[in-house]
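Coordinate analysis (summary)
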Amino acid sequence: MESATAFVVVRAEHVKAIRECLAGAWPVFVFEDADSLKVLAALLARVPTVLAIHQTFAATSRGATLVSRVKAEPRLIGTAIRVLIEDEGKAPLLLSQTTLSPEEALFATSRPLDQAGTRQAARYPMNRLRISVNGEQGHLVDL
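The shown structure was predicted, so the numbers you read here are calculated from the model rather than taken from an experiment.

Rules and cut-offs
- Residues numbered from 1 in each chain as written.
- Predicted model: local features only at pLDDT ≥ 70, side-chain atom pairs only at ≥ 80, totals over all residues.
- Heavy atoms only, no water.
- Helix = DSSP H or I, 4+ residues; strand = E, 2+ residues; numbered from the N terminus.
- Expected span 1.5 Å × (residues − 1).
- Buried < 20%, exposed > 50% of the residue type's maximum accessible area, 1.4 Å probe, protein only.
- Arc of directions from axis to C-beta.
- Pairing = 2+ DSSP bridges.
- Contact = heavy atoms within 4.5 Å.
- Axes fitted to C-alpha atoms, helices over the stretch in contact; angles between N-to-C directions.
- Parallel < 35°, antiparallel > 145°, perpendicular 65-115°, else oblique.
- Left-handed = near helix turned anticlockwise from the far one by under 90°.
- Phe/Tyr/Trp six-rings, centres within 6.5 Å; stacked < 30°, edge-to-face > 60°.

**As for helix α4 (residues 61-72)**
In this model α4 runs 16 Å from its N-terminal to its C-terminal C-alpha over 12 residues, within 8% of the 16 Å that 1.5 Å per residue would give. Those residues of α4 that fall on the buried side of the exposure criterion are G63, L66, V67 and V70. The buried residues of α4 occupy an angular sector of 100° when the element is viewed end-on, so they sit on one face. Opposite the packed face of α4, turned more than 90 degrees from it, sit the exposed residues S61 and A72.

Laid out in structure tokens, this is it:
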């Protein structure tokens, strides 16, 4: 079974440009965010080293479901999940990186999921604080 190096999931309007940006250097499979079932099937068929997802897709229920399936699948344990950073125009910052190699550009314009989560904002780790929200006790871990 052939192994891909990277899978990238972006909005439909960015698929062609991302494919051109990452072409030629290494095996990369680019998917539309609407094709989450195709992405999951492809992930199980060709285990990648990195799955990069668009920030807006990560914030959807389909994105969160895909991420949870990847994390739960034993064969995909080594797959790094990253969130693409957007520019001011809501396009992946990857598209404006012309001086870096495709591999370097992908990593320079994304961040690990654990730092971004499935939210649109970055998380900042902090010392655990004991808090009460709506009468429920808990700990504040990230801000």
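Having seen it, we continue.
**Quick word on the pairing of strand β4 (residues 80-84)**
The buried fraction of β4 amounts to four of the five residues, a majority that puts the element mostly inside the structure. Two strands pair when backbone bridges link them, and strand β3 (residues 50-54) and β4 are joined in this way by five bridges, in the parallel orientation. What sits directly across from L51, in β4, is I81. Sheet topology places β4 next to strand β5 (residues 110-112); three bridges connect them, and they run antiparallel.

**Quick notes on unusual backbone geometry**
Residue N134 is not a glycine yet carries a positive backbone phi of 50°. Inspection of the secondary structure puts N134 in the loop between β6 (125-133) and β7 (136-142). Owing to a relative accessible area of 78%, N134 belongs among the exposed residues under this scheme.

**Some details on helix α2 (residues 36-45)**
Those residues of α2 that sit buried are S36, V39, L40, A42 and L43. Take α2 and look down its axis: the buried residues cluster within an arc of 165°, on one side only. Turned more than 90 degrees away from the buried face of α2 sit L37 and K38, all of them exposed. Each element contacted by the buried residues of α2 is listed here: β1 (6-10), β2 (28-32), β3, α3 (55-58) and α4.

**Focus: the sheet that holds β3**
Pairing in this open sheet of five strands is mixed, and the strands run β2-β1-β3-β4-β5 from one edge to the other. Every other strand in the sheet has two partners, leaving β2 and β5 as the edge strands with one partner each. Shown here is a sheet whose adjacent strand axes are inclined to one another by a mean of 25°, direction ignored. Note: β1 against β3, four bridges, orientation parallel. Note on β3: the bridge partner recorded for F7 is L51. Along the sheet face, helix α1 (residues 15-22) touches β1 and β2 and points at about 170° away from the line of β2.

**Describing the packing of α2 against α4**
Packed helices, taken two at a time, are described by their axes: the angle between them and the distance between them. At a minimum axis separation of 10 Å, α2 and α4 run at an interaxial angle of 15°. It follows that α2 is roughly parallel to α4 by the angle criterion. Taken as a pair, α2 and α4 cross one another with a handedness that is right-handed. Facing α2, whose interface residues are S36, V39, L40 and L43, α4 presents R62, L66, R69 and V70.

**Regarding the packing of aromatic side chains**
Between two aromatic rings, the relevant description is the distance of the centres plus the angle of the planes. Tallied over the entire structure, the rule returns two aromatic pairs. Plain terms: the ring middles of F7 and F29 are 5.4 Å apart, the flat faces sit at 65° to each other, and that makes the pair edge-to-face. Of the two residues, F7 is situated in strand β1 and F29 in strand β2; the sequence distance between them amounts to 22 residues. When its relative accessible area of 26% is taken as the criterion, F29 is described as partly exposed.

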